[in-house]
Amino acid sequence: MDLVKVKNLFLEEKERVKTLKDLENFRQTFLGKKGLVSQLFKELKNIPPEKRKEFGREINLLREEIETFIRQKSEELKKLELEQKLKSERIDLTLPGDTVLPVGSKHPLSAVIEEITEIFKGMGFTVETGPEIEREDYNFDMLNIPKEHPARDMQDTFYVNRKGYLLRTHTSPVQVRTMLSKKPPIQIIAPGRVYRRDDDPTHSPMFFQVEGLVVNEKVNFANMLWVLREFLQKFFETPVPVRFRPSYFPFTEPSTEVDIGCVICEGRGCRVCKGTGWLEVLGAGMVHPNVLEACGIDTEKYRGFAFGLGVDRFAMLKYGIDNIKLFYENDVRFLKQFASL
Ligand code: FA5
C-alpha cells in the first residue's frame, strides 16, 4: 500500500463525509482493523531498514491527522444533527389547538331567573336567599300552617333525617327569615330551588320559585296587582291576558292565584293548559297578620303583600316548552337552542 495514495485518498474522502454514518464508514476505511492505515503498517516489513523509521513516523502522523479529523468532524456533525432535530421539532406555542372545546351556554332556567330578577330590581326590589334544607317551623308553622293543619297536604314534603328540618317546599320561608332579620320597609325577592313530591309534564320534584315580599306602612292589594301585572307584561314583552282568581294560602289573606292566557295554544286549549286556555303562574296575597306577628312586625303599623311564582312554568311559557323534564335532563341538543341567551 502506497503512503502517498492513502494520503490523497484521505484528502478526497474527508470531503465526502456529510453525516455521522459517512464518518463511521470513513473511520472503518482508514482506521478499522483491516483499514488502510493498518495495511500501511503491514508494509513496514517491506521497507528497507534505514527508511523504516521515517516511514513509520509518517504513518503515525497520518493516523493522528485522520483521528483529529474524525474527532472534529464528529463534534461538528453531532452539533448539526442536534440543530436540525431542534428545528424540525420546534413547538410553536402560538398555534391554535387542534380540537376546539365546545363552549357551554347559560341554562334557560338561569337566564329566566336573571331576567325576572332584573325586572324586579328595576322596580326597587333587592335579592335575598335562604337555605334549601330549611327549618320546618320557617317553612310551615311561622307561615300560619301549624302541625296537623290540612294546608300541609297542599305541598307534599320531602323530610330529611334531622328532626325539625325538611327540603323547603316553597321560597316563602325566606319571607320569615327576612322579617326576622330586617325592619320594614322591606321590598325583596328570593329566587331559589324548592322540592315537592310532584311528578308530571308540568310538575317536577325539584323546581324553582321566586318569592316576593313587600312590607311597609301603606301597601295594599291594588299595589300588589299593579306590581304583578307590570311584571307579567315586562316578562312576556306583550300584553298577555292576566286573570286574578280568588284563592287560599294560609299565609296570605285575601289571596289570589294569577293565571295568564296560555301562550302555547293562545287560549284555544292544549295539553299544557289542560284544555282551559289559562295557565296558573303564581300565587299572591296580603301577608296574614299571624305571619307578621310571628316575625315580630307591628300589625297596627305595617301591612305587607307577598307572591310566589314558578320559574319553570314561566320558562316553559316563554319558550314554548311543553315538558318541564327537559330542563333537568341536560340534553345538549335541547340546551344548545338557548345558546344566545
Ligand atoms: C306557593 O308555593 C306559595 N308559597 C306561593 C305564594 C307566596 C303565595 C307568597 C302567596 C304568597 P304554589 O304551591 O301555588 O304556591 O306554588 C307557586 C307556583 O309554583 C305555582 O304557581 C307553579 O307555577 C309552581 N309550581 C308548584 N308546584 C310545582 C312543581 N312541582 N313543579 C314546577 N312548578 C311548580
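Note that residues are indexed from 1 along each chain, following the sequence as it is written. A pLDDT threshold of at least 70 governs which residues receive local features in this predicted model, and a stricter bar of 80 or more applies before side-chain atom pairs are shown or counted, although totals over entire chains, interfaces and linings include all residues. Based on all heavy atoms of the structure, the side-chain values leave hydrogens and waters out of the count.

Sorry if this is basic, but what is going on with the pattern of salt bridges here?
Once the charged atoms of two side chains with opposite charge are near each other, the side chains can pair. Only one rule defines a salt bridge in this text: a Lys or Arg side-chain nitrogen within 4 Å of an Asp or Glu carboxyl oxygen. Summed over the entire model, instances satisfying the criterion amount to 20 salt bridges. R135 is the salt-bridge partner of D137, the closest N and O atoms lying 2.8 Å from each other. Each residue gets one of three labels from its accessible area relative to the maximum for its type: buried under 20%, exposed over 50%, partly exposed in between, using a 1.4 Å probe on protein chains only. A relative accessible area of 32% means that R135 is categorised as partly exposed.

Looking at this model, I keep getting lost on the sheet that holds strand β7 (residues 252-261). Mind explaining?
The strands making up a sheet associate through backbone hydrogen bonding, with each pair oriented either parallel or antiparallel. Think of it this way: DSSP has to see at least two bridges between two strands before they count as a pair. Each helix is a run of DSSP H or I of at least 4 residues and each strand a run of E of at least 2, with the numbering of both proceeding from the N terminus. If you walk across this open sheet you meet the seven strands as β1-β4-β5-β9-β8-β7-β6, and the pairing is mixed. Looking at strand neighbours, the two that pair on one side only are β1 (126-127) and β6 (242-249), the edges of this open sheet. Taken together, the eight bridges between strand β5 (residues 206-216) and strand β9 (residues 303-310) define a ladder with antiparallel strand orientation. Of the residues in β9, the one forming a bridge with L213 is A306. Most of the contacts of helix α8 (residues 221-236) go to β7, to which it runs at about 25°, and overall it touches β6, β7, β8 (278-287) and β9. Residues are treated as being in contact if the distance between any of their heavy atoms lies within 4.5 Å. Axes here mean lines fitted to C-alpha atoms, for a helix over just the part in contact, with angles spanning 0 to 180 degrees between N-to-C directions.

I'm lost on the environment of R71 in this one. Help?
For R71, the location among the structural elements is in helix α4 (residues 49-88). As for R71 and R333, which are separated by 262 residues in sequence, their C-alpha atoms are 67 Å apart.

Where do I start with the packing of aromatic side chains in this structure?
Where two aromatic rings form a pair, the distance of their centres and the angle of their planes describe that pair. Only the six-membered ring of Trp is used, alongside the rings of Phe and Tyr, when aromatic pairs are assigned; centres must lie within 6.5 Å, and planes under 30 degrees apart are stacked while those over 60 apart are edge-to-face, with the rest tilted. A full pass over the atoms with the stated rule returns 18 aromatic pairs. Measuring from centroid to centroid gives 6.1 Å for F10 and F30, while their planes differ by 80°, and the two rings are edge-to-face. Of this pair, F10 sits in helix α1 (residues 3-16) while F30 sits in helix α2 (residues 20-31), and the two are 20 residues apart along the sequence. Judged by centre distance (5.2 Å) and plane angle (70°), the ring pair of F120 and F125 falls under edge-to-face. One exposure class covers both F120 and F125, and it is buried.

Explain empty space enclosed by the protein here, please?
Empty pockets left among the atoms are what a rolling probe the size of a water molecule brings to light. Using only the protein atoms, space was sampled on a 1 Å grid; points where a 1.4 Å probe fits but cannot get out form cavities, open sets with protein on both sides within 12 Å along at least five of seven lines form pockets, and lining residues are those with an atom within 4 Å of a point. Grid points are joined across faces, edges and corners, and a volume is the space filled by probe spheres set on the points. The tally for this structure, following the rule as stated, stands at one cavity of 30 Å³ or more. Here the largest cavity defines a volume of roughly 30 Å³. In terms of lining residues, the largest cavity is bounded by I145, A151, M154, Q155, F249, P250 and F251. Counted by class, the lining of the largest cavity contains six nonpolar, one polar and no charged residues. Three classes are used, and their members are as follows: Ala, Val, Leu, Ile, Met, Phe, Trp, Tyr, Cys and Pro are nonpolar, Asp, Glu, Lys and Arg are charged, and the others, Gly among them, are polar.

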